[in-house]
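Listed here are the chains, written in short residue letters.
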Amino acid sequence: MNILVIGATGAQGGAVARRLVDSGHTVRGLTRSGAGLPPGVTLVTGDLADASAVRAAFDGVTHASVVLPMVFEPSLVETYIRNIAEAAVAAGVRRLVYNTANRMPSVPTSVAAFETRRFATSVLVESGVETVVVRPPVYLDNLCAPWVAGPLVHEGVLRYPLPAELPVSWLSHADLATATLAALTRSTADLAVAPPTTAAVAAPFSPAAPDGLVGALTPEGLALDLGGAEVVTGSELAAAFSVALGRPIRYLAQDLDEFEAGLTHALGATTAGEVVSTYRWIAEHGHDLYGLDPAALEKTLAISLTPLSAWIAAQPWTELAR
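Everything numeric here is computed off the predicted structure, so don't read it as measured data. All residue numbers refer to position in the chain's written sequence, counted from 1. Given that the model is predicted, a residue must reach a pLDDT of at least 70 before its local features are reported, and side-chain atom pairs must reach 80 or more before they are shown or counted; all residues, however, enter totals for whole chains, interfaces and linings. Heavy atoms from the whole structure form the basis of all side-chain values; hydrogens and water molecules are not counted.

## A few points about helix α5 (residues 146–155)
The condition that has to hold: Any residue under 20% of the maximum accessible area for its type is buried, any over 50% is exposed, and the rest in between are partly exposed; the area is computed with a 1.4 Å probe on protein chains only. Elements are defined by DSSP. Helices are runs of H or I of four residues or more, strands are runs of E of two residues or more, and each kind is numbered from the N terminus.
Three or more residues of α5 are buried, namely V148, A149, P151, L152 and V153. Phi turns positive, to about 70 degrees, at G156, one or two residues after α5.

## Quick word on the layout of surface pockets
Where we set the bar: Cavities and pockets were defined on a 1 Å grid built over protein atoms only: a cavity is a set of grid points that admits a 1.4 Å probe from which the probe cannot escape, a pocket is an open set flanked by protein on both sides within 12 Å along at least five of seven lines, and lining residues are those with an atom within 4 Å of any such point. Grid points are joined across faces, edges and corners, and a volume is the space filled by probe spheres set on the points.
Here the largest pocket defines a volume of roughly 1300 Å³. For the lining of the largest pocket, the secondary-structure elements that each account for two or more residues are α1 (11–22), β2 (26–31), α4 (112–126), α9 (256–267) and α10 (269–285).

## Regarding the packing of aromatic side chains
For the record, the criterion: We call Phe, Tyr and Trp rings a pair once their centres come within 6.5 Å, taking the six-membered ring for Trp, and we label the pair stacked below 30 degrees between planes, edge-to-face above 60, and tilted otherwise.
The tally for this structure, following the rule as stated, stands at 6 aromatic pairs. Ring geometry for F114 versus W281: centroids 5.6 Å apart, planes at 80 degrees, classification edge-to-face. Highlighted residues: F114 in helix α4 and W281 in helix α10, separated in sequence by 167 residues. Accessibility classification places F114 together with W281 in one group, the buried group. Their ring planes at 45 degrees and their centres at 5.3 Å tell us that W147 and F259 sit as a pair that is tilted. Residue W147 is located in helix α5, and its partner F259 is located in helix α9; the two are separated by 112 residues in the primary sequence. The buried category is assigned to F259, whose relative accessible area is 6%. Three or more aromatic residues joined by ring pairs form one cluster here, namely W147, Y160, W170, F259 and Y279.

## Quick word on the nonpolar core
So the rule is basically this: The set of buried Ala, Val, Leu, Ile, Met, Phe, Trp, Tyr and Cys residues whose side-chain atoms join them within 4.5 Å is what this entry labels a nonpolar core. The contact definition used throughout considers only heavy atoms, calling two residues in contact when any of these lie within 4.5 Å.
If you look at the biggest cluster of nonpolar residues, it comprises 40 residues, and the most contacted ones within it are L143, L158, Y160, L162, W170 and F241. The set of elements that each furnish at least two residues to this core consists of α4, α5, β7 (157–160), α8 (234–245), α9, α10 and α12 (308–313). The element contributing the most residues to this core is α10, with 6 residues. Leaving out residues up to four positions away in the same chain, L158 has contacts with L143, V148, L152, L237, A238, F241, I249, R250, Y251 and L252. With 31 residues, the next largest nonpolar core counts V16, L171, A179 and L297 among its residues.

## A few points about the environment of L181
Along the chain, L181 turns up in helix α6 (residues 173–185). Separated by 158 residues in sequence, L181 and S23 have C-alpha atoms that sit 8.8 Å apart. Discounting residues that sit within four places of it in the chain, L181 has contacts with R19, L20, S23 and H25.

## Focus: empty space enclosed by the protein
To be explicit about the condition: Following the grouping adopted for this structure description, the nonpolar residues are Ala, Val, Leu, Ile, Met, Phe, Trp, Tyr, Cys and Pro, the charged ones are Asp, Glu, Lys and Arg, and the polar ones are all others, Gly among them.
Using the criterion set out here, one finds 5 cavities of 30 Å³ or more in the structure. When its volume is computed, the second largest cavity comes out at roughly 60 Å³. As for the second largest cavity, its lining consists of L140, W170, G228, A229, E230, V232, T306, P307 and L308. Per-class residue counts for the lining of the second largest cavity are 6 nonpolar, 2 polar and 1 charged.

Here it is, written out as structure tokens:
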């Protein structure tokens, strides 16, 4: 398999690219600069807004993994995704895995970060390229950010901008990569477990089919909600850290205005505002958005998800405490 990874220099795409290289696949990464490209990945430079560059990146590619950059301006996202779809069709790509970088609410919202990804999904599914859409919740790796890890280690406070009572199937980047590899390589017959429906892109995807598998099939693609090995509330997540660190950790839902102010320094006001708008929507409307049946996902993809305790133990918390 010759696999193109779009987003290979980012945290999500980088994890996928490393996993594909480790599995022996030929991997190329499309990026504007090449900075941060994982070892073993062939660099292809270009901008997603440049149709000729995207087409050149797809030349000779059999499979592709796509995660869009943190851009939420509808016309620009449309340009990106149409260039990707047209290039994939021209190259004869056999399967494309598209990562929406978030779960998708079952109904349209006013949140650009959701709706641009919903639109991108429809473009890819309608392109005729066999498409598997993977929809992750929030990432465990976010907890390693200094603004989370610092207070956790030094103050015993796990602060994150989600309600304390919200059940979340936290996913690691490593498990995202494992799931993406399976989505790229498993047969369609193994993955396609729900009846075809032309409304699948807009309609909610069943969290579990009657046979204990997950997914919803469209004529050209399949959508899978991803998640980690356990579904926990904020308090339960803090309790897992308490056990791992051997001292009390409490969960505190971070104020969203405070979160946005901090994120603005890293991402700029526009992008930060769009990202935080997803957290605001979830706090108000999305109590069930981040749950999942982990056993069903493991069965569907034939993978093993990393236990929460094992993920925590593998992080450098002791080093952070120094």
